[in-house]
Amino acid sequence: MMNKINEAAAYLKAQFTAQPRVGIILGTGLGGLVNEIKIEKSIDYKDIPHFPVSTVEGHSGRMILGTIGGVPVLAMQGRFHYYEGYTMQQVTFPARVMKVCGINTLFVSNASGGLNPSFKVGTIMVIKDHINMFGTNPLIGPNMAEFGPRFPDMSEVYSKRLRKKAFEIAERENIHLLDGVYVGTTGPTFETPAEYKMFRLLGADAVGMSTVPEVIVAHHAGMEVFGVSIITDSGVPGEIVEVSHEEVQKVAAAAEPKMTKIIAKLVQELDK
Ligand code: HPA
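Just so you know, the residues in each chain are numbered from 1, in the order the chain's sequence is written. Note on the predicted model: pLDDT of at least 70 is required for a residue's local features to be given, and 80 or more for side-chain atom pairs to be given and counted; whole-chain, interface and lining totals, by contrast, use all residues. The side-chain figures draw on all heavy atoms in the structure; neither hydrogens nor water molecules are used.

Enquirer: Help me out: how do you make sense of the overall build of the protein in this one?
Expert: Secondary structure elements follow DSSP: runs of H or I no shorter than four residues count as helices, runs of E no shorter than two count as strands, and numbering proceeds from the N terminus. Scanning the protein from terminus to terminus reveals 7 helices and 9 strands. When its C-alpha atoms are laid out on the principal axes, the protein stretches across 55 × 40 × 35 Å. Burial classification: accessible surface area is computed with a 1.4 Å probe over protein chains only, and a residue below 20% of its type maximum counts as buried, one above 50% as exposed, and the rest as partly exposed. Taken over 272 residues, the protein has a buried fraction of 56%. Residue pairs at least 24 apart in sequence account for 83% of intrachain contacts in the protein once pairs closer than 6 positions are excluded. Total accessible area computed for the protein in this model is approximately 11,400 Å², and 53% of it derives from carbon and sulfur atoms. Residues count as neighbours in contact if any of their non-hydrogen atoms are within 4.5 Å of one another. For the accessible areas, the method is Shrake-Rupley and the probe is 1.4 Å, while residue cover comes only from the protein chains on display.

Structure (structure tokens):
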């Protein structure tokens with residue numbers, strides 16, 4: 001496993017002209033952030049040794065090497081989902097490769113169903129914490145001590161520092177930002193009304209099918225994590241309507257410019 005991670009990282013590193021400061025994983029309908037990147041290189045996943053290849057509609061599989069406002073970044077356009085049949089090791093492989101590439105900050109984005117009754121479809125939620133409902137954990141198996149401890153602390157997975165900054169940026173840019181707990185589940189089914197209700201009762205504000213595995217692995221490896229979620233549909237009793245992947249993509253794409261602004265500014269103000 002470590003060999004494969006090292007080989008993939010070595011392949012990417014050989015193409016760096018500068019050390020990427022931030023790794024970015026772009027979710028469903030959110031690949032447009034790439035337009036903010038001054039692209040130096042675009043690398044197909046299929047060309048990276050041992051990289052899984054993404055299949056789901058609305059996800060292209062490319063590593064984008066470039067800069068945002070002069071800050072070098074490495075962005076994944078398209079992620080691997082557990083529901084596609086990848087193992088947790090495959091889903092989280094890129095996050096580990098990023099770490100070995102010398103990247104210590106990870107930004108993640110996704111689309112989710114809103115559970116908090118005050119959340120409106122089309123708004124952006126900063127992830128303050130998560131609940132892992134995948135029924136498994138990417139760290140199960142021999143501990144990779146190169147990355148972190150057997151029993152990782154999870155008391156502050158989503159960087160308080162970056163969340164605070166995001167809200168400062170949002171205020172300055174006049175963007176309405178929500179703050180909430182993301183529950184990650186396997187999918188591929190959207191939730192039944194009873195399941196949406198259950199996740200709300202468990203303490204979540206939004207539900208989605210990604211992010212938690214990569215974030216666990218990144219946090220284990222000591223990376224600073226920032227996550228945003230676009231509320232693309234409602235799981236609130238009385239508001240639930242039929243939902244489709246197309247609708248999720250459409251709403252995500254509409255909210256994307258705002259999300260992009262937050263992420264682009266945050267990248268540029270990382271050390272401020
Ligand atoms: N449930 C799970 N995942 C999702 C949803 C949802 O309602 N919307 C977008 N991703």
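Enquirer: Hey, could you run me through the packing of helix α1 (residues 2-13) against helix α3 (residues 93-100) in this one?
Expert: When two helices pack together, their arrangement is given by the angle between their axes and by how far apart the axes lie. The geometry of α1 relative to α3 is characterised by a closest axis approach of 9 Å and an angle of 60° between their N-to-C directions. Accordingly, the angle class assigned to the pair α1 and α3 is oblique. Helix-helix and strand crossings are classified by hand; for α1 and α3 the assignment is right-handed. Contacts from M2, K4, I5, N6, A8, A9, L12 and K13 in α1 reach F93, R96, V97 and V100 in α3. Comment: axis = line fitted to C-alpha atoms, over the contacting stretch for helices; angle = value between 0 and 180 degrees taken between N-to-C directions. These descriptions rest on fixed angle ranges, namely under 35 degrees for roughly parallel, over 145 for roughly antiparallel, 65 to 115 for roughly perpendicular, and the rest for oblique. Handedness of a crossing follows from how the near helix is turned relative to the far one, being left-handed for an anticlockwise turn of less than a right angle and right-handed for a clockwise one.

Enquirer: Any chance you could explain the site of the ligand here in plain terms?
Expert: For this description, a residue counts as near a given molecule or strand if any of its non-hydrogen atoms is within 4 Å of it. Taken together, A111, S112, G113, F190, E191, Y196, V207, G208, M209, T232, D233 and V248 make up the full set of residues adjacent to the ligand. Between N or O atoms, a polar contact is any pair within 3.5 Å; within protein, one atom must be a potential hydrogen donor and the other a potential acceptor, and residues adjacent in sequence are included only when both atoms are from side chains. Take D233: an N or O atom from its side chain is 2.6 Å from an oxygen atom of the ligand. With respect to the detected pockets, the ligand is housed in the largest pocket. Contributing elements (two or more residues each) for the shell around the ligand: β5 (105-114), β8 (206-208) and β9 (224-234). Among the elements that take part in the shell around the ligand, β5 stands out by supplying 3 residues, more than any other. Partitioned by chemical class, the residues of the shell around the ligand number 6 nonpolar, 4 polar and 2 charged. A cavity here means a set of points on a 1 Å grid, drawn over the protein atoms and nothing else, where a 1.4 Å probe fits but cannot get out; a pocket is an open set with protein on both sides within 12 Å along at least five of seven lines, and a residue lines either one if it has an atom within 4 Å of a point. The rule for placing a molecule in a cavity or pocket is simple: more than half of its atoms must lie within 2 Å of the grid points. Classification convention: Asp, Glu, Lys, Arg as charged; Ala, Val, Leu, Ile, Met, Phe, Trp, Tyr, Cys, Pro as nonpolar; all other residues, Gly among them, as polar.

Enquirer: Looking at this structure, I do not really get the packing of aromatic side chains. What am I missing?
Expert: Any pair of aromatic rings gets described here by the distance separating the centres and the angle formed by the planes. Stacked, tilted and edge-to-face are the three classes applied to pairs of Phe, Tyr and Trp rings, where Trp contributes its six-membered ring and a pair requires centres within 6.5 Å; stacked means planes under 30 degrees apart, edge-to-face means over 60, and tilted covers the rest. Here the structure, examined in full by the defined rule, presents 7 aromatic pairs. Pairing F51 with F80 gives two aromatic rings, centres 5.9 Å apart and planes at 65°, and the pair type is edge-to-face. Linking F51 in the loop between β2 (38-44) and β3 (62-68) with F80 in the loop between β4 (71-77) and α2 (88-91), this pair joins segments that are 29 residues apart in sequence. Comparing F51 with F80 shows no difference in burial state: the two are buried.

Enquirer: What is the right way to read unusual backbone geometry from this model?
Expert: Note: most peptide bonds trans; most residues except glycine with negative phi. With an omega of 0°, the peptide bond between G187 and P188 qualifies as cis. On the secondary structure map, P188 appears in the loop between β7 (177-184) and α5 (193-201). The backbone of T211 shows a phi angle near 70°, a positive value even though the residue is not glycine.

Enquirer: What should I look at first to understand the nonpolar core in this one?
Expert: Core analysis: the biggest nonpolar cluster contains 48 residues, and L12, F51, M63, V97 and M98 have the highest contact counts within it. Aside from chain neighbours lying at most four places away, what touches M63 is L12, K41, S42, I43, Y45, I48, F51, L74, A75, M76 and M98. Take the buried residues of types Ala, Val, Leu, Ile, Met, Phe, Trp, Tyr and Cys, join any two whose side-chain atoms come within 4.5 Å, and each joined set is a nonpolar core.

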